[in-house]
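Summary of the model geometry
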Amino acid sequence: TVKVIGSLKVLKTFGETKGKQVVGGKVINGKIGQGANIRIMRRDFEIGQGKIFEVQMNKIKTKEVEEGNECGILVESKAEIAGGDVLEAYIIILK
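All figures in this text were calculated on a predicted structure; none of them were measured in a lab. (Residues numbered from 1 in each chain as written. Predicted model: local features only at pLDDT ≥ 70, side-chain atom pairs only at ≥ 80, totals over all residues. Heavy atoms only, no water.)

This next bit is on the environment of Gly 6. Within the secondary structure, Gly 6 is located in strand β1 (residues 2-17). Once the C-alpha coordinates of Gly 6 and Asn 29 are considered, the two residues, 23 residues apart in sequence, prove to be 5.3 Å apart. Those residues in contact with Gly 6 that lie beyond four places of it in its chain are Asn 29, Gly 30, Lys 31, Ile 32, Leu 87, Glu 88 and Ala 89. (Helix = DSSP H or I, 4+ residues; strand = E, 2+ residues; numbered from the N terminus. Contact = heavy atoms within 4.5 Å.)

Rendered as structure tokens:
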């Protein structure tokens, strides 16, 4: 079972290097944390998956960011992320 633990609305993207992309956004529910697996959603369709490599808030590295805060994240993904996309952090629960 897949459980979404947080969502981030992408406000801006800051370029890409070697499959990693820097993204600025706002946590719209739950929390976003370093090391989390993510689904990249565009207009309610999944366009790809990735992993959060690093999280920064006010240019300071942090482990996680709570709902309502803006942050910058470094995402490792094959899909290209664009402004307006929603990144859903999830965990897989084994029953």
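Per the counting criterion, the structure on display carries four salt bridges. The salt bridge involving Lys 61 is made with Glu 54; its shortest N-O contact spans 3.6 Å. The class of Lys 61 is exposed, set by a relative accessible area of 60%. A relative accessible area of 23% means that Glu 54 is categorised as partly exposed. (Salt bridge = Lys/Arg side-chain N within 4 Å of Asp/Glu carboxyl O. Buried < 20%, exposed > 50% of the residue type's maximum accessible area, 1.4 Å probe, protein only.)

To continue, consider the side chain of Gln 21. By secondary structure assignment, the location of Gln 21 is in strand β2 (residues 20-33). A polar atom in the side chain of Gln 21 sits 3.0 Å from the backbone oxygen of Ile 81. Ignoring any residue separated from it by four or fewer positions in sequence, one finds Gln 21 in contact with Thr 13, Gly 15, Glu 16, Ile 73, Leu 74, Val 75, Ala 79, Glu 80 and Ile 81. (Polar contact = N/O pair within 3.5 Å; in protein donor to acceptor, adjacent residues only side chain to side chain.)

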